[in-house]
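The residues making up each chain are set out below.
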Amino acid sequence: MTESTPQEHAHASAGPSERVERLLAAMSVEEKVGQLTQLFYFGGPASVAGADSEIAQQPRMVEGALARGAVGSLLFVTDPAENNRLQQLAIDGSAHRIPVIFGFDVIHGFRTIFPVPIALAASWNPDLITQAQSVAAREARAVGIHWAFAPMVDIARDPRWGRIVEGAGEDPYLGAVVAAAQVRGFQGDHIGAPDHILAGPKHFAGYGAALGGRDYDEVDLSDQEFWNTYLPPFRAAVEAGAANIMSAYMDLNGVPATGNAWLLTDVLRDALGFDGFVVTDANAAKDLETHHFAADPADAAVRAITAGVDMEMAIFEPAFAHLVDAVAAGRVDTARLDEAVRRILTVKEQLGLFDDPFVDVDTAEQVLTDPAHRAVARAAAEGAAVLLRNDNGVLPLHAESVNTVAVIGPLADSARDTIGPWVFAYDGDETVTIADGIRARLQGIAEVTVAQGVPRPTRTFPSMFDMWGDGSPKDPSGFDADSALQHAVDTATQADFAIVVIGEQQDMIGESASRSDLSLPGDQLRLLEAVVATGTPVVVVLMSGRPLDIRWVAEHVPAILQAWYPGTRGGEAVARLLFGDTAPTGKLPFTWPRNVGQVPMHHAVTRSHAPNDQGRRYWDVASTPLYPFGHGLTYTHFEYGTPRVDHSPIPLDGAVTVTVDITNVGDRDGTETAQLYLHQRFGTSSRPLRQLVGFQRVQIAAGATETVTFTIGAEARRYWSAATRDWVTDASQFDVWVGGSADATAHTEFTVER
Ligand code: NOJ
């Protein structure tokens, strides 16, 4: 990552306009506070929750607030006609006819669902990621949504944390590249670009380091972890021009992120140069009281806005309503209030909302059903899948040499699980499950038999998305587990191949979906053991958004494809991968631990006493992972030559060029993601054993050699040191490895002199 000056930010040129200043001068404090208020609109779940519920009353409350001009933004409206109706209420209710801005969780697609974000990151393909999020933006914009609460750029090193599925995994460099790619996809090349929406990277900052992986729990991060690991994706998102940032729920080092002036002002504004607007996470302003930080909601509102929050996202009564009195009482600086309002009005103007606040209902459906979007979804699902294991080239399967293929497991034919968590406007009927995809692929070639095998696993506690009536499917009462298992065994026995689809149901991961365990939930391992025992060759397709404890699978099943939650066209993509119409090219964006006791585990660790002695870290399990960060096989093999650096020594501000030859030694064309790892041998701080500083995807024809070139500049060697409490670039000796995972062995070195 390079440092950038604020002038370079994609949106920095747009200063406050005359219109915005005129409005500001004319607005009352009440109107200004209204602009800083974002309300949920629970049109959907109201019907599920029942007429008397608080949620069912909520739409009326919101409509009242719109009529009073007390709302600047709404979230969760996904129907274009409803959007126009609410927009008209807002404009009519506002003394200055100011439209609302509509936000939504556009996480991995809107109608067309892409693989979950962790899967998109596993593609290591920024262009593909940009393309996917730009399709998501186009669909969302078509129904009147202006702003995505995405990307989530929180680093996650503890897979117990359910929200690992929403991010790009453990690594700050990969995380930064993926963050920037997503911002470009959502926003296009400027704020207000047609068919695009604002990006809102979240949750600022450190949320992924929740204690024990428990969602929302406190985070205690050292400064060096904060600056070197957790901040780079945010920095990259800001440099890519993100219009918005969402504050986080948890305490960061004892101060709630949403009331943290150091975080929201010193770091975000001064160090990162962010000049967009900050929204709280849902109810996070009010939560300042829950944190035992603020005395009451009024104090919470004052402290949030003073710390640097511009807009409150509120579920029911907003805390910011208290700002009117707080301003009158002199508890809030009016310049701070105006600054926040100016940011909101400016972005509305940049989006063209003052001139064109409505959406064309007639064209929306056409955009949502665009076949080109489905083609991107398939390509993304293919690019995201990671081939974890493929002993003796079991995969690809040869369609011509099979008569019957069994597709087995509770996730094999579940549309809702195939598209994953955090989607609300999808069309379940058009979702291609793994079983659907294989049936279509083998149509007229071989018979496909499908068996669930075991009961669908369920959560111990219900999912918060049950409120939307949108949990994973449940078995009917009276489900006969014994006969289901017997049927699966019979189905496998009669087949030439069994494809077993197992993992976690989609409501077992995501927000409020942390786990204390990483085992395969329910009886799925028992099912797999029974299928393997039939002697029919088995391939496992895993559906999950986190690494699971698959030690038994990795010992007994020769081929494992991590398919994630692959989205609308996921089943088609998986079928094409399994039968070799295309090849897997994904690489793990996290280290895959052996068991839950090893977590948190990541590759960029430092070294200490007795590093190589077995048993000195754990006596009951190796201290290495099951699969390293960056791991992913394909249907050919690559050999790396010895990398070369162009010159050494170099000066402190110098750069080296690293060149390496990669040969495709198989008999099939292939794509490799070559990864560049750096290690500094001594310095102001101890440095990670390996640190990802570059990667490139390269297509190599069978038998051919391609040369790949990387540059390692001073910024790749710069880090924040707790020894000097500042940024340093050391004179030192450096090791460089290039290869297909964090276990890369092709090595060279260079020296940096002062
Ligand atoms: C809470 C989540 O933490 C956040 O990521 C999301 O954008 C908001 N809810 C709105 O749904």
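Position numbers for residues count from 1 along each chain, tracking the sequence in the order it is written. The predicted origin of the model limits local features to residues at a pLDDT of at least 70 and limits the giving and counting of side-chain atom pairs to 80 or more, whereas totals for whole chains, interfaces and linings rest on all residues. Hydrogens and water molecules were not included; the side-chain quantities draw on all heavy atoms of the structure.

### Focus on the sheet that holds strand E12 (residues 404–408)
So, step 1. We call two strands paired when DSSP finds no fewer than two bridges between them. In this text, helices come from DSSP runs of H or I with a minimum length of four residues, and strands from runs of E with a minimum of two, each type numbered from the N-terminal end. Strand order in the open sheet made by the 6 strands is E11-E16-E15-E14-E12-E13, with mixed pairing throughout. Two strands bound the open sheet, and with one partner strand each, they are strand E11 (386–390) and strand E13 (447–451). Averaged over neighbouring strand pairs, the angle between their axes works out to 20° when direction is ignored.
So, step 2. When E11 meets strand E16 (residues 559–562), the two strands line up antiparallel, connected through 4 bridges. Axis definition: a line fit to C-alpha positions, over the contact stretch in the case of helices; interaxial angles, taken between N-to-C directions, run 0 to 180 degrees.

### Describing the sheet that holds strand E10 (residues 312–314)
So, step 1. On the basis of which strands lie adjacent, the open sheet formed by 6 strands has the order E5-E4-E3-E2-E1-E10 and parallel pairing. Edge positions in the open sheet fall to strand E5 (198–199) and E10, since each of these has one partner strand only.
So, step 2. Bridging between strand E1 (residues 37–40) and E10 involves 3 bridges; their strand directions are parallel. Following the sheet pairing, leucine 39 is matched in E10 by alanine 314.

### What to know about the pairing of strand E27 (residues 746–753)
So, step 1. Burial of the side chains of E27 is restricted to one face: Ala746, Thr748, Phe750 and Val752 are buried, whereas none of His747, Glu749, Thr751 and Glu753 on the reverse face is.
So, step 2. In this sheet, E27 lies alongside strand E19 (residues 650–651) in parallel orientation, the contact comprising 2 bridges. Within the sheet, the bridge partner assigned to proline 651 lies in E27 and is glutamate 753.
So, step 3. Bridging between strand E26 (residues 732–739) and E27 involves 7 bridges; their strand directions are antiparallel. Residue pairing in the sheet places tryptophan 737 in a bridge with histidine 747 of E27. Categorising residues by exposure relies on relative accessible area from a 1.4 Å probe, with only protein chains included: less than 20% of the type maximum marks a residue as buried, more than 50% marks it as exposed, and the intermediate range marks it as partly exposed.

### Comments concerning the site of the ligand
So, step 1. Working definition: residue near molecule or strand if any one of its non-hydrogen atoms lies within 4 Å of it. For the ligand, the set of nearby residues contains 15 residues, the closest of which are Asp105, Arg163, Lys202, His203 and Asp281.
So, step 2. In this structure, arginine 163 approaches the ligand through a side-chain N or O atom, which is 2.6 Å from an oxygen atom.
So, step 3. Polar contacts here mean pairs of N or O atoms no more than 3.5 Å apart (in protein, one a potential hydrogen donor and the other a potential acceptor; neighbouring residues in sequence count only if both atoms are side-chain atoms). Here aspartate 281 contributes a side-chain N or O atom positioned 2.5 Å from an oxygen atom of the ligand.
So, step 4. The accessible surface values rely on the Shrake-Rupley method and a 1.4 Å probe; as for residues, cover is taken only from the protein chains in view. Look at the ligand: alone it shows 300 Å² of surface, and the protein chains cover 97% of it.
So, step 5. Residue polarity follows a fixed list, in which Ala, Val, Leu, Ile, Met, Phe, Trp, Tyr, Cys and Pro are nonpolar, Asp, Glu, Lys and Arg are charged, and the others, Gly among them, are polar. Among the residues making up the shell around the ligand, the classes are represented as 9 nonpolar, 1 polar and 5 charged.

### Some points on the packing of helix H20 (residues 481–493) against helix H21 (residues 524–533)
So, step 1. Direction vectors running N to C along H20 and H21 enclose 35°, while the axes themselves pass 9 Å from each other. Between H20 and H21 lies a crossing whose hand is right-handed. Across the interface between the two elements, Leu485, Ala488, Val489 and Ala492 from H20 touch Arg526, Leu527, Ala530 and Val531 from H21.
So, step 2. Its residues assigned to classes, the contact of H20 with H21 comprises 7 nonpolar, no polar and 1 charged. In this scheme the handedness of a crossing depends on how the near helix is turned from the far one: anticlockwise by less than a right angle means left-handed, clockwise means right-handed. Working rule for contacts: check all heavy atoms of both residues, and any pair within 4.5 Å makes them a contact.

### Comments concerning the domain arrangement of the protein
So, step 1. Here the bounds of each domain stem from an automatic or database domain assignment. The domains assigned to the protein are domain 1 (6–365), domain 2 (389–585) and domain 3 (638–753).
So, step 2. The gap between the C-alpha centroids of domain 1 and domain 3 is 37 Å.
So, step 3. Listed as interface residues are 13 residues of domain 1 and, on the opposing side, 11 residues of domain 3.
So, step 4. Across the domain 1/domain 3 interface, buried area totals approximately 1,100 Å², and carbon plus sulfur atoms make up 63% of it.
So, step 5. Accessible surface is computed with a 1.4 Å probe, and the buried area is the amount of it that two parts give up when combined, taken over both parts together. Counting the surface domain 1 buries against domain 3, the share from its top three residues, Trp124, Tyr173 and Asn228, is 50%.
So, step 6. Salt bridges, as used here, are contacts in which a Lys or Arg side-chain nitrogen is within 4 Å of a carboxyl oxygen on Asp or Glu. At the junction of domain 1 with domain 3, the criterion picks out 1 salt bridge.

### Describing the environment of glycine 169
So, step 1. Within the secondary structure, glycine 169 sits in the loop between strand E4 (147–148) and helix H8 (172–187).
So, step 2. The buried category is assigned to glycine 169, whose relative accessible area is 1%.
So, step 3. Separated by 176 residues in the primary sequence, glycine 169 and leucine 345 have C-alpha atoms spaced 35 Å apart.
So, step 4. When neighbours within four sequence positions are excluded, glycine 169 is seen to be in contact with Ile118, Asp154, Ile155, Ala156 and Pro589.

### Re the packing of aromatic side chains
By convention here, two paired aromatic rings are described through the distance between centres and the angle between planes.
So, step 1. Each Phe, Tyr or Trp ring, with Trp reduced to its six-membered ring, pairs with another whose centre is within 6.5 Å; inter-plane angles below 30 degrees give stacked pairs, above 60 give edge-to-face pairs, and intermediate values give tilted ones. Applying the stated criterion across every chain, the model contains 26 aromatic pairs.
So, step 2. Ring geometry for phenylalanine 226 and tryptophan 227: centres 5.3 Å apart, planes at 85°, overall edge-to-face.
So, step 3. Pairing tryptophan 227 with tryptophan 727 gives two aromatic rings, centres 6.0 Å apart and planes at 75°, and the pair type is edge-to-face. Here the residue tryptophan 227 occupies a position in helix H9 (residues 223–230), and tryptophan 727 occupies one in strand E25 (residues 726–728), the gap between them amounting to 500 residues.
So, step 4. Following the ring pairs from residue to residue traces out a cluster consisting of Phe40, Phe42, Phe76, Phe104, Phe110, Phe316, Trp422, Phe424 and Phe465.

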